[in-house]
Amino acid sequence: MRTFFGFVRKEFFHLGRDRRTLVVLFGIPLMQMLLFGFALRNEVKDTPVAVVDLSGDPLTRRLASALEASESFRLAATVRNLDEGKKLLAESKAKVLVVFAEDFSEHFGRDGRAEVEILTDGSDPNSARTRVAYANGVVQQELAAVARESGKGAGAPHIEAATRMRFNPSLESTYLFVPGVMALVLTLVSALMTSVTITREKELGTMEVLLVSPLRPFQIIVGKVVPYLGLSFLNVLIILGLSRFAFGVPIVGNVFLLIAESVLYIVCALSLGVLVSTRAETQQAATTGSLSGLMFPTMLLSGFIFPLESMPRVLYWLSHIVPARWFLVIVRGIMLKGVGIAELWPQTLILAAMTTFFLLASVRNFHIRLE
Amino acid sequence: MASISVEGLAKSFGRVPALLPTSFEVAPGEVFGLIGPDGAGKTTLMRLLVSLLLPDAGSARVDGLDVVKDFRELRRRVGYMPGRFSLYQDLSVRENLDFFATIFGASVAENRGLVDDLYLQLEPFEKRRAGALSGGMKQKLALCCALIHRPRVLFLDEPTTGIDAVSRRELWEMLGRLRAAGITLLVSTPYMDEASRCDRVALIEGGRILAIERPGDLAARYRYPLLAVEGGPRIALLEALRSLPQARSVYPFGSTIHFTDQRLGADPAALAAELVGALEGRGLEGLGAQPIEAGIEDVFMALAVDTRQAGEAHHG
């Protein structure tokens, strides 16, 4: 046991002296959180909107200021004819064009129906769809309010959109990226770092000395893994803390279950890293192996960025062997839906099985000699 | 019982033979040198003996333990210092030492005695990172680390390569003290002049042991008369010497040329005089030729040539 702790102590010495590794260890989670949190959001914020108000009465002005007041939009201009509006769209001075026809208020006043035309810049289809939906939402809501105020409750616009996103009512992309970033960061830190640290010993020749010692393979492996387990755990706390307090993402379910599941995933990623290192001879090979073999599947085949259901069958089946896929289901379940182990035991079991497999394979593959 | 016994041990990497079937024994407390150029098979032999490689054929026992079957116990009992500096460069001198003591379940304090001389030299640098030490200091630290668990047999792969002459001498003095403490030492080196530090040496080349002798007896393996020739234009002199009918071998050696006459048992002084005469006949004036005792390098060259020719004759 003393032998083992001596080994772990040495690993902490290495870590403490390697600035670059420390930067990677704690810089990457921070950077990714901030990047996804602030820059790469999907939702609409402060989109310039132009109103083409052919009707030009108090009702349409009220709708325009409703758009202005919403967080999603700012009113770039109000114009009086369609061509002018289209020009704004072409020049990208406005991203969305809301057109109220000449007889808009008249129609609405008469039979509670209103025709609004919403045009948008379709060159970026993903956000275009979101923008239209948002603009539509704002207008509908306001019209409903108007209808209520004027006592025409019964005649309220029956076209009112009744869709409501469950679990993420405002479709906040922050909510979606936190689990993804957790999976990504833990894979990177745990798998990449451990695979590099073991191959480093091979490259520097120190593995030769370690082998000619009473140290057993599992002591070397576990000794390498323990410090990174601690650091990854710290990363989980940082990510959860940031998402809760900087981005206001709620954790609906049990925090302790979430942390426990994260530890399971960390151990899984660590054992994957060890497995990579038993195969790679150089640090460079380990890095390449971890990046292409672990990072990309984690990003692309876990459901983090692309929905699994719409993938080609082959990729869909392939995604089943990506640990992050199961972890994402777990994290989303706990964080956003508030479900517990009663619902998540299959995924948990799969992760545990994968971990056991990777660990056994690593110990088996660990060379007790130089060949 | 022999401390190291090797029987028919052989190893090849793919189709390249690294060590041809080899047998020898090393007595307890003996300093056994493996002398040969780079690529001779010294490292392969060492790695086989410390259980880092599996032999293709043959067997070996170290301190009574089979290097394949009993590798786990063997790894507790031997000390190994690889040819490449293999300590943690980002750890300090003291941390390295502590680490290697811990993984062997030993402590620096209880084994200070054995490494005291070395450690006194390292002590002023205790806090310095191993990577920042000079070459000689690095080797002393590596030796300290390999010794900290009091191994019964110590394997040192080229411990003196790449370090200064003073450190080399100090290191060998240290090895002498380890011998006195009863530790068996297997030391490899490419430097022929270090042979005299060993009790016995094995000359090794091309994966084959050419000879195993006490250093003092090596000269006796050289049976042909040997002359050192000096002076004159070197290239012309080499050519002239090689063209002589009595030449057995001609090698440049430092500032002189070693000339071996193929007439066994002839009087060396007479041969020297004859040689000077023959060279003057070819227009090379003012030369000197002295009979000399063969050194280990002469023996090595002669054995290597003989073995190669024997091998070719065998195959041809």
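Every residue gets a number counted from 1 within its own chain, in the order that chain's sequence is written. Each chain is given a letter, starting from A, and each ligand a number, starting from 1, according to the order in which they appear as written. Where totals are concerned, whole chains, interfaces and linings use all residues; where local detail is concerned, this predicted model gives features only for residues with pLDDT of at least 70, and gives and counts side-chain atom pairs only at 80 or more. The basis for the side-chain values is all heavy atoms of the structure; hydrogens and waters are excluded.

The next thing to look at is the interface of chain A and chain B. Every residue pair with non-hydrogen atoms within 4.5 Å of one another is taken to be in contact. Chain A puts 28 residues into the contact, and the matching count from chain B is 34 residues. Buried area: the accessible area, evaluated with a 1.4 Å probe, that two parts lose upon being put together, summed over both parts. With both sides pooled, the region where chain A packs onto chain B buries about 2900 Å², and carbon together with sulfur makes up 58% of that total. In terms of surface lost to chain B, no three residues of chain A exceed Arg17, Val212 and Arg369 of chain A, which account for 24% of the buried area on that side. We define a salt bridge as a contact between a side-chain nitrogen of Lys or Arg and a carboxyl oxygen of Asp or Glu at a distance within 4 Å. In this structure, Arg47 of chain B engages Glu208 of chain A in a salt bridge whose closest nitrogen and oxygen atoms are separated by 3.1 Å. Here a polar contact means two N or O atoms within 3.5 Å. Within protein one must be a hydrogen donor candidate and the other an acceptor candidate, and residues neighboring in sequence count only if both atoms are side-chain atoms. At the surface where chain A touches chain B, the tally comes to 15 residue pairs in polar contact (both at pLDDT 80 or more).

Here the focus is the sheet that holds strand β1 (residues 4-13) of chain B. All names here are of chain B. When DSSP finds two or more bridges between a pair of strands, those strands are recorded as paired. In DSSP terms, a helix is any run of H or I states spanning at least four residues, a strand is any run of E spanning at least two, and both are numbered starting from the N terminus. Sheet architecture is open: 4 strands sit in the order β2-β1-β4-β5, paired in antiparallel fashion. Looking along the sheet, the strands with just one partner apiece sit at the ends: β2 (16-26) and β5 (65-66). By the bridge criterion, 5 bridges tie β1 to strand β4 (residues 57-62) in an arrangement that is antiparallel. Residue pairing in the sheet places Ala10 in a bridge with Ala57 of β4. To obtain each axis, a line is fitted to C-alpha atoms, and for helices this fit is confined to the stretch in contact; angles are then taken between N-to-C directions over 0 to 180 degrees. Across the sheet, helix α1 (residues 42-49) lies against β1, β2 and β4, angled at about 120° from β1, the strand it touches most.

Turning our eyes to something else, we now look at the confidence of the model for chain A. Within a predicted model, pLDDT stands for the predictor's per-residue confidence, ranging from 0 to 100. Per-residue confidence for chain A averages 82 on the pLDDT scale, and 90% of its residues sit at or above 70. The model gives residues 153-167 of chain A a pLDDT under 50, and that stretch makes 16 contacts with residues more than four places away or in other chains.

Turning our attention to empty space enclosed by the protein. In this approach, a probe sized like a water molecule rolls over the atoms, and the result shows the empty space that is left. In the cavity and pocket records, a cavity denotes points on a 1 Å grid over the protein atoms alone where a 1.4 Å probe fits but cannot get out, a pocket denotes an open set with protein on both sides within 12 Å along at least 5 of 7 lines, and lining residues are residues with an atom within 4 Å of a point. Grid points are joined across faces, edges and corners, and a volume is the space filled by probe spheres set on the points. Throughout the structure, instances matching the rule amount to 3 cavities of 30 Å³ or more. A volume near 160 Å³ is recorded for the largest cavity. For the largest cavity, the lining is made up of 18 residues, of which Val209 of chain A together with Tyr80, Met81, Pro82 and Ala146 of chain B are closest to its centre. Those elements that place two or more of their residues in the lining of the largest cavity are β6 (78-81) and α5 (135-147) of chain B. The nonpolar class holds Ala, Val, Leu, Ile, Met, Phe, Trp, Tyr, Cys and Pro. Asp, Glu, Lys and Arg form the charged class, and all remaining residues, Gly among them, are polar. Classifying every residue of the lining of the largest cavity by side-chain character gives 13 nonpolar, 4 polar and 1 charged. The computed volume of the second largest cavity comes to approximately 90 Å³. Residue lining of the second largest cavity: Leu211, Ser213, Pro214, Leu215, Arg216, Pro217, Ile220, Phe366 and Ile368 of chain A together with Phe71, Arg72 and Arg75 of chain B, and that is the complete set. For the lining of the second largest cavity, the element with the highest residue contribution is helix α2 (residues 71-77) of chain B, accounting for 3 residues. Among the residues forming the lining of the second largest cavity, the class breakdown is 8 nonpolar, 1 polar and 3 charged.

Another aspect to go through is the pattern of salt bridges. Here the structure, examined in full by the defined rule, presents 33 salt bridges over all chains. One salt bridge in this structure joins Glu73 of chain B and Arg77 of chain B, with 3.1 Å as the shortest N-O distance. With Glu73 of chain B and Arg77 of chain B both in helix α2 and 4 residues apart, the pair spans about one turn of that helix. Taking the relative accessible area as the measure of exposure, Glu73 of chain B reaches 33% and is therefore partly exposed. Between Glu274 of chain B and Arg263 of chain B there is a salt bridge; the shortest N-O distance is 3.2 Å. Here Arg263 of chain B lies in the loop between β13 (256-261) and α9 (268-281) and Glu274 of chain B lies in helix α9, a separation of 11 residues in the sequence. Linked by salt bridges that have partners in common, Lys10, Glu11, Glu201 and Lys224 of chain A make up one network. Exposure categories follow from relative accessible area, calculated using a 1.4 Å probe and restricted to protein chains: below 20% of the type maximum is buried, above 50% is exposed, and the middle band is partly exposed.

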